[in-house]
Amino acid sequence: MGIAAKIVRSSRIVCSKRSITFVFCVYVCDNVRMISSQRQHLILSRLRTRGAVRITALSKELNVSAMTVRRDIAELSDRGLLKRVHGGAVTTNTLLSEPLFSVKSQMDIGLKDAIARLAVDYVSPGDVIAIGGGTTAYVFAQHLLESRRASGITILTNSIPVAELVQALESKDVEVIVTGGVITRSNSLVGPIADKVVASLRVNTVFLGTHSVSLPRGFLMPNSLEAATDMALMDIADRTIILTDHTKWSCTSLSLFARFDQVDTVITDDGLDAESQLRTRELVKDLVLAPASEDAESFATAAGAGAAGVAGAGVAGAAGAGASASGVLGDDAYGDDAADFAAGE
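Residues numbered from 1 in each chain as written. Predicted model: local features only at pLDDT ≥ 70, side-chain atom pairs only at ≥ 80, totals over all residues. Heavy atoms only, no water.

Draft legend 1. Region of interest: the overall build of the chain. If you tally the helices and strands in the chain, you get 13 helices and 15 strands. Going through the 345 residues of the chain one by one, you find that 48% of them count as buried. Within the chain, counting contacts between residues at least 6 apart in sequence, those at least 24 apart form 70% of the total. Of the roughly 16,400 Å² of accessible surface on the chain, 55% is carried by carbon and sulfur atoms. (Helix = DSSP H or I, 4+ residues; strand = E, 2+ residues; numbered from the N terminus. Buried < 20%, exposed > 50% of the residue type's maximum accessible area, 1.4 Å probe, protein only. Contact = heavy atoms within 4.5 Å. Areas by Shrake-Rupley, 256 points an atom, 1.4 Å probe, with all protein chains shown as cover.)

Below is the structure:
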C-alpha cells in the first residue's frame, strides 16, 4: 500500500472516531438535559403536594448532590415556577397555600431553635400560657418543656403536636388544654369550636407563629380560620409574643391576624436585614434578635425528624378536652383577679 493510501485510510479512521465521539457527547448531553428536566418536574410535583421542599431531602430522594438540586431550584426560580428560601423552596402561590407540618418542621431548624431558646425566658414557673400552631411554636414548646421554667405551668393550645408533647411527658407537673376544632394542614385546630373555647379562658402570655410579616400591615396567615383563632388567643392574653424567623419578611399571605401595635414582642433571628429591623422597630413595642446558628443544616435531620413524628396525629378527644376547658380555666377560676388578665390589643 502506498504512502498516500495509508494517509487517506488513517484520516478516515480519525474522522470516524471523532464522529463517534461527537455522537456520544451529543447523546450524553441530551440525556443530562432529560434527567435535569425530570428532576425539575419532580421538584414541582413535590411542591404542589407539600407546599415546600428542602434541598437535603431532595438530594437524597434524587440521589444527586445538593449543588445539583440548588441549580435546579435556581433555574425554576428564574422561570418563576417557585420561590427560593433558605434551605429549599416554596410554591409561588403563597397567599392561600401552606406547607404540611411535616415539611415545615424540617425547614430552617437552626433559626427556629435559636428563637425558641430565647422565648423560653419569657415564661415563669406557674404561668398560664397559650401556644399557637406552626413549627416555630412547636420548637418553642420543646425547649420550654425541657426547662425548669415549665414547672407548674398550664398550656392552652390549638396545636396537636404541642398537646402530644405535653402528654408524652413523664412528669405530670404540666397541664395541657386543647381547644378542639377543625384541623388544618399545619396540624392546628381552628374554627368556631376552637374560638368559643378560647373565649371562655384567660392566659398570661400567648406565643404565636406567623406565615408572613408585612410592613407596615402586620402578621398574616394563608388560612382565614386559623387567623381568626389566633386573634381569639390574643384577645384573652395579657401579653402577645410573635415567634418568627427572618425569611417571613419576604413572604405574603391572605389573612391579617395582628397589627404591629397589637403585639408586645417579636422574637426573630439576627438574619433580618438592617432596613427591615429599622422599620419593624418603629412599628412594634419590642423587637428581639436571637443569634442564629451558623450550622442550621446539621440540625435538619435530627430535629426535623422529631417534629415530623407527631405530624400525622389524629384529633380524637381534642374537642372533648376543649369543651371541658372552660371549667378548668374560666373567668370564675380567677375570682376577683380576672381583671388582671385583660385582653391584649
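Still more ground to cover, so stick around.
Draft legend 2. Inspection of the side chain of threonine 184 at higher detail. Residue position: threonine 184 is located in the loop between β7 (182-183) and β8 (189-190). A relative accessible area of 10% places threonine 184 in the buried class. Other than its neighbours up to four places away in sequence, threonine 184 contacts Val190, Asn223 and Glu226.

Draft legend 3. Expanded view of the sheet that holds strand β11 (residues 218-221). The 3 strands lie next to each other as β10-β11-β13, forming an open sheet whose pairing is antiparallel. Among the strands making up the open sheet, the edge pair consists of β10 (212-214) and β13 (255-259). If you compare each strand with its neighbour and ignore which way they point, the axes differ by 35 degrees on average. Examined bridge by bridge, β10 and β11 share 3 bridges and lie antiparallel to one another. In the sheet register, valine 213 faces β11, and the bridge partner there is phenylalanine 219. Its contacts with the sheet place helix α9 (residues 224-235) against β11 and β13, and it is angled at close to 20 degrees to β13. (Pairing = 2+ DSSP bridges. Axes fitted to C-alpha atoms, helices over the stretch in contact; angles between N-to-C directions.)

Draft legend 4. Region of the structure containing the environment of leucine 42. Counting through the fold element by element, leucine 42 comes out in helix α1 (residues 3-50). Through-space distance from the C-alpha of leucine 42 to that of leucine 58 is 9.3 Å; in sequence the pair is 16 residues apart.

Draft legend 5. A look at the sheet that holds strand β15 (residues 287-290). Ordered by their spatial adjacency, 7 strands build an open sheet running β6-β5-β4-β9-β12-β14-β15, and the pairing between neighbours is parallel. The open sheet has two edge strands with one neighbour each: β6 (175-178) and β15. Pairs of neighbouring strands in the sheet enclose a mean axial angle of 20 degrees, with direction left out of account. Note: strand β4 (residues 128-131) against strand β9 (residues 203-208), 3 bridges, orientation parallel.

Draft legend 6. Geometry of the packing of helix α6 (residues 135-145) against helix α7 (residues 160-167). Where α6 contacts α7, the axes come no closer than 9 Å and their chain directions differ by 15 degrees. As far as their axial angle goes, α7 and α6 are roughly parallel. For the crossing formed where α6 meets α7, the hand is right-handed. Residues Ala137, Tyr138, Ala141, Gln142 and Leu145 of α6 pack against Pro161, Val162, Leu165 and Val166 of α7. Classifying every residue of the contact of α6 with α7 gives 8 nonpolar, 1 polar and no charged. (Parallel < 35°, antiparallel > 145°, perpendicular 65-115°, else oblique. Left-handed = near helix turned anticlockwise from the far one by under 90°. Nonpolar A, V, L, I, M, F, W, Y, C, P; charged D, E, K, R; others polar.)

Draft legend 7. Focus on the packing of aromatic side chains. In total, this model carries 3 aromatic pairs according to the counting rule given. Ring geometry for phenylalanine 219 versus phenylalanine 257: centroids 6.4 Å apart, planes at 40 degrees, classification tilted. Residue phenylalanine 219 is located in strand β11, and its partner phenylalanine 257 is located in strand β13; the two are separated by 38 residues in the primary sequence. We note that phenylalanine 219, like phenylalanine 257, is buried. Seen in terms of ring centroids, phenylalanine 219 and phenylalanine 260 are 4.9 Å apart; in terms of plane orientation they differ by 55 degrees. Their pairing is tilted. In this pair, phenylalanine 219 is assigned in strand β11 and phenylalanine 260 in the loop between β13 and β14 (265-269), connecting sequence segments 41 residues apart. (Phe/Tyr/Trp six-rings, centres within 6.5 Å; stacked < 30°, edge-to-face > 60°.)

Draft legend 8. Layout of the packing of helix α2 (residues 55-62) against helix α3 (residues 66-78). Running from amino to carboxyl end, α2 crosses α3 at an angle of 110 degrees, the nearest separation of the two axes being 9 Å. On the basis of the axis angle, α2 is roughly perpendicular to α3. Our pair here, α2 against α3, has a crossing hand that is right-handed. Contact residues: α2 offers Ile55, Leu58 and Ser59, while α3 offers Ala66, Val69, Arg70 and Ile73. Grouping the constituent residues of the contact of α2 with α3 by class yields 5 nonpolar, 1 polar and 1 charged.

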